[in-house]
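Fold and geometry: a report
One letter stands for each residue in the lines below.
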Amino acid sequence: TEEGRKGLVDRISGCFNEAHLFRHKTVDLVQANLCHQIEADIISLSNTAEGANHDDDNDDDGFISDTERMIAAYAVVCHRVLQLRIMYPSNMLITLAQRPWLRHMCFDAILVYILWDCVPIFERRGHHLMAVSILQTILFGQVICRFRGSNGSKSGEPCDAI
């Protein structure tokens, strides 16, 4: 639910205490923006699915079970949190460059592992644009290219990280 996602964002926001982010924005503003982006992504997932199976009694979002819907919702939250953490890296993340053998233990790496495991679900259920967006964030640290619609045509708009 929207309330549950807001609660999760509230709990995760503790991971931003030392981040460069709070020199520029307040916690409430960051949480509000993050929740708004997450809800926009959830709405877009529930409204569009390429090749969604409309024959069964499930919602027309392409997912075959509530479990997949929950996994997708968690993936959307992790995706937006990772984008924010990449945009405003913490001091701890910056120091990991000096000790690369510890990089797999940081919070950002855990978010990436979760997202990597969720990409096949988005692909199988016809949410290719979300899968591409997640993969771009994992590989490049931001969304490089946005797409207009289900046909995959590129948008002429410049891309933002968030």
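Calculation notes
Throughout this document, residue positions are counted from 1 along each chain, in the order its sequence is written. Only residues with pLDDT of 70 or above have their local features reported here, since the model is predicted, and side-chain atom pairs are shown and tallied only from 80 upward, although totals for entire chains, interfaces and linings are computed over all residues. For the side-chain quantities, the full set of heavy atoms in the structure was used; hydrogens and water were omitted. Put simply, DSSP H or I for four residues or longer makes a helix, DSSP E for two residues or longer makes a strand, and each gets a number counted from the N terminus. In what follows, a contact means two residues having at least one pair of non-hydrogen atoms within 4.5 Å. Note on areas: Shrake-Rupley with a 1.4 Å probe; residue coverage comes only from the protein chains shown. Where helices are involved, their axes are fitted lines through C-alpha atoms of the stretch in contact, as for all axes, and angles between N-to-C directions lie from 0 to 180°. Note that the term roughly parallel is reserved for angles under 35 degrees, roughly antiparallel for angles over 145, roughly perpendicular for angles of 65 to 115, and oblique for everything else. A clockwise turn of the near helix away from the far one marks a right-handed crossing, whereas an anticlockwise turn of less than a right angle marks a left-handed crossing. Expected span of a helix: the number of residues minus one, times 1.5 Å. Burial here depends on accessible area, computed with a 1.4 Å probe over protein chains only, as a share of the maximum for the residue type. Under 20% is buried, over 50% is exposed, and the range in between is partly exposed. The predictor attaches a confidence to each residue, and that confidence, scored 0 to 100, is pLDDT. A patch consists of residues whose relative accessible area exceeds 30% and which take part in no salt bridge; residues with like charges are grouped when within 9 Å of each other, and nonpolar side chains (Val, Leu, Ile, Met, Phe, Trp, Tyr) when within 5 Å. When a carboxyl oxygen of Asp or Glu lies within 4 Å of a side-chain nitrogen of Lys or Arg, that pair is called a salt bridge. Under this definition, polar contacts are N or O atom pairs within 3.5 Å; protein pairs additionally need one hydrogen-donor-capable and one acceptor-capable atom, and for neighbouring residues in sequence, both atoms have to be side-chain atoms. Nonpolar core, defined: a set of buried Ala, Val, Leu, Ile, Met, Phe, Trp, Tyr and Cys residues in which side-chain atoms within 4.5 Å join the residues together.

1. Quick notes on the overall build of the protein chain
Assigned secondary structure in the protein chain consists of six helices and zero strands. Listed N to C, the secondary structure of the protein chain is α-α-α-α-α-α in terms of helices and strands. Taking contacts inside the protein chain between residues at least 6 apart in sequence as the whole, the part at least 24 apart equals 59%. Here the protein chain displays about 9600 Å² of accessible surface, and carbon together with sulfur accounts for 55% of that area.

2. A closer look at the packing of helix α3 (residues 66-87) against helix α5 (residues 107-124)
Viewed as axis vectors pointing N to C, α3 and α5 meet at an angle of 140°, and their least axial separation amounts to 9 Å. Classified by the angle their axes make, α3 and α5 are oblique. Remark: the crossing between α3 and α5 carries left-handed chirality. Note on element contacts: α5 touches α3 through Phe 107, Asp 108, Leu 111, Val 112, Ile 114, Leu 115, Cys 118, Ile 121 and Phe 122, opposite Glu 68, Ile 71, Ala 72, Ala 75, Cys 78, His 79, Val 81, Leu 82 and Arg 85.

3. Considerations on the environment of Val 119
Tracing the chain through its elements places Val 119 in helix α5. Separated by 44 residues in the primary sequence, Val 119 and Ala 75 place their C-alpha atoms 8.7 Å from one another. Beyond its immediate chain neighbours, meaning those up to four positions away, Val 119 contacts Ala 131, Ile 134 and Leu 135.

4. Let's talk about helix α6 (residues 128-140)
Taking 1.5 Å per residue, 13 residues should reach 18 Å; α6 reaches 18 Å between its end C-alpha atoms and fits that length. Among the residues making up α6, those that are buried are Met 130, Ala 131, Ser 133, Ile 134, Gln 136 and Thr 137. Positive phi shows up at Gly 141, right after α6, with a value of about 85°.

5. As for the confidence of the model for the protein chain
Overall, the prediction assigns the protein chain a mean pLDDT of 75, with 70% of residues at 70 or greater. pLDDT under 50 marks residues 50-58. Its contacts with residues more than four places away, or in other chains, come to 11 contacts. Counting contacts from residues 150-162, a segment whose pLDDT is below 50, to residues more than four positions away or on other chains yields 28 contacts.

6. Re a nonpolar patch on the surface
Taken together, the side chains of Ile 110, Tyr 113 and Ile 114 make up a nonpolar region of the molecular surface, amounting to roughly 270 Å² of accessible area. Residue position: Ile 114 is located in helix α5.

7. So, the side chain of Gln 83
Considering the arrangement of structural elements, one finds Gln 83 in helix α3. Of the residues examined, Gln 83 reaches a relative accessible area of 2% and is grouped as buried. Looking at Gln 83, its side chain comes within polar contact range of the side chain of Thr 137, at 3.2 Å.

8. Some points on the pattern of salt bridges
All told, the structure shown has five salt bridges when counted by the stated rule. The partner of Arg 80 in a salt bridge is Asp 41, with the nearest N and O atoms 2.8 Å apart. With a gap of 39 residues between them, Arg 80 in helix α3 and Asp 41 in helix α2 (residues 27-47) connect regions that are remote in the sequence. Considered together, Arg 80 and Asp 41 belong to a single accessibility category, that of buried residues.

9. Some details on the environment of Leu 96
Within the element layout of this structure, Leu 96 appears in the loop between α4 (91-95) and α5. Each residue touching Leu 96, except ones within four places of it in the same chain, is listed here: Leu 102, Arg 103 and Cys 106.

10. Description of the nonpolar core
Of all hydrophobic cores here, the largest spans 28 residues; its most connected members are Ile 38 and Phe 122. If one sorts the elements of this core by residue count, α3 sits on top with nine residues. Other than its neighbours up to four places away in sequence, Phe 122 contacts Leu 45, Phe 63, Ala 72, Ala 75, His 127, His 128, Met 130, Ala 131 and Ile 134.

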